Amino acid sequence: MTNEAGTDRNVKLPAFRPARESRPVLAGTAAHRFPELQAPREYLDRLRVHHLDLAHRVLEVDDGKIYLPDLLVISMMQRSYGLVEAVIDCVDGYNLAAAAPLLRMQLDTLVRACYVARVALADDVVTAMLEGTEFRRMKDSDGKPLTDARLVELATPHHPWLPPVYKETSGWVHLSVNHLHAAWQITGSQVSAGVPLRPDVIPGRLWLELLAAMTKATEQLFGYVEMWESRKGLPPGQARK
């Protein structure tokens, strides 16, 4: 059988970019222009690769048995891997209009992981999702709908740094004043604009903050995955050391 492009479905195509290969800092990219970005960018790239090892570890626990929370955990890891890789690419290409919403999506994953890690029965959440129920249609133990705002509220005691970053990145999801500020620069009587975003418009400090937030969100997401790894297949209240 062939697809529309004429490629045999049974032929394994080579990876465009092998997952375990590092993403080098190339001339002209943000980390090349701003040397202070190189170390945090390379560290985030190592976290990208670590997704593979951590996901494998989770799937191997308890002789490889699969439980309902595994479905959600691996989905989160797959999503996170893609977001981390895309953020690295966006930072390299000075693409703030895409990088900020991608960070917002990682925070979206984190607050859901935070909730599921503490809910009485994670199986019920996964079952509801499999039945097509969105988080905002579910309710917490207080009977409040699990809207994005509610999930952020519940996550804040455990991630106090999150609310201001969530609010700022949310402004990049929909067309907003953030996009106006990025598109137009006013210096005295001089007004300038350009498409695409010029590399000199965004300071290195902002890219550094974005990388730091993506790194923190990813590390803390890993913490919830490791929590599941330690408890998977064990009676409630028990954990592996």
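All values derive from a computational prediction rather than experimental measurement.

As a further point, take the nonpolar core. Counting residues in hydrophobic clusters, the biggest one holds 59 residues, and the most contacted among them are L44, F135, L162 and W207. Elements with a minimum of two residues in this core: α1 (30-33), α2 (38-60), α3 (68-92), α4 (96-118), α5 (122-130), α6 (148-155), α7 (162-170) and α9 (204-231). Top contributing element to this core by residue count: α4, with twelve residues. Excluding its chain neighbours within four sequence positions, the residues that come into contact with W207 are F34, L37, C90, V91, Y94, N95, L96, A99 and I202.

So, on to the packing of aromatic side chains. Per the stated rule, a full pass over the model turns up three aromatic pairs. With centroids separated by 6.5 Å and ring planes inclined at 80°, the aromatic side chains of Y115 and F135 adopt a geometry described as edge-to-face. Of this pair, Y115 sits in helix α4 while F135 sits in the loop between α5 and α6, and the two are 20 residues apart along the sequence. By relative accessible area, F135 is classed as buried at 8%. Residue placement shows R112 over the ring face of F135; its charged tip is 5.1 Å from the ring centre.

We now examine the pairing of strand β2 (residues 190-193). Regular strands place side chains that alternate from one sheet face to the opposite one. As defined by bridge partners, strand β1 (residues 184-187) adjoins β2 across four bridges and the pair is classed as antiparallel. Bridge pairing in β2 places Q185 opposite S192. Counting the residues in the hairpin turn of β1 and β2 gives two residues, including G188, whose phi is positive at 65°.

The next point concerns the confidence of the model for the protein chain. For any part of a model where pLDDT is low, the fine detail of the predicted coordinates should not be relied upon. Taken over all residues, the pLDDT of the protein chain has a mean of 92, while the share at 70 or more is 96%. In this model residues 1-6 is a low-confidence stretch, pLDDT under 50, and it forms six contacts with partners more than four residues away in sequence or in other chains.

Rules used in this analysis
- Throughout this description, residue numbers start from 1 for each chain and increase along the sequence as written.
- A pLDDT threshold of at least 70 governs which residues receive local features in this predicted model, and a stricter bar of 80 or more applies before side-chain atom pairs are shown or counted, although totals over entire chains, interfaces and linings include all residues.
- No hydrogens and no water enter the side-chain calculation; it runs on all heavy atoms of the structure.
- Working definition of a nonpolar core: buried Ala, Val, Leu, Ile, Met, Phe, Trp, Tyr and Cys residues. They are joined through side-chain atoms within 4.5 Å.
- Only protein chains enter the area calculation, which uses a 1.4 Å probe; residues under 20% of their type maximum are buried, those over 50% are exposed, and those in between are partly exposed.
- Put simply, DSSP H or I for four residues or longer makes a helix, DSSP E for two residues or longer makes a strand, and each gets a number counted from the N terminus.
- Residues count as neighbours in contact if any of their non-hydrogen atoms are within 4.5 Å of one another.
- Here the aromatic set is Phe, Tyr and Trp, taking the six-membered ring for Trp, and pairing holds for ring centres within 6.5 Å; pairs whose planes are under 30 degrees apart are stacked, those over 60 apart are edge-to-face, and all others are tilted.
- The rule for a charge over a ring is simple: NZ of Lys or CZ of Arg within 6 Å of the ring centre, and within 35 degrees of the ring normal.
- One requirement defines pairing of two strands: DSSP has to find at least two bridges between them.
- The quantity called pLDDT is the predictor's confidence in a given residue, expressed from 0 to 100.

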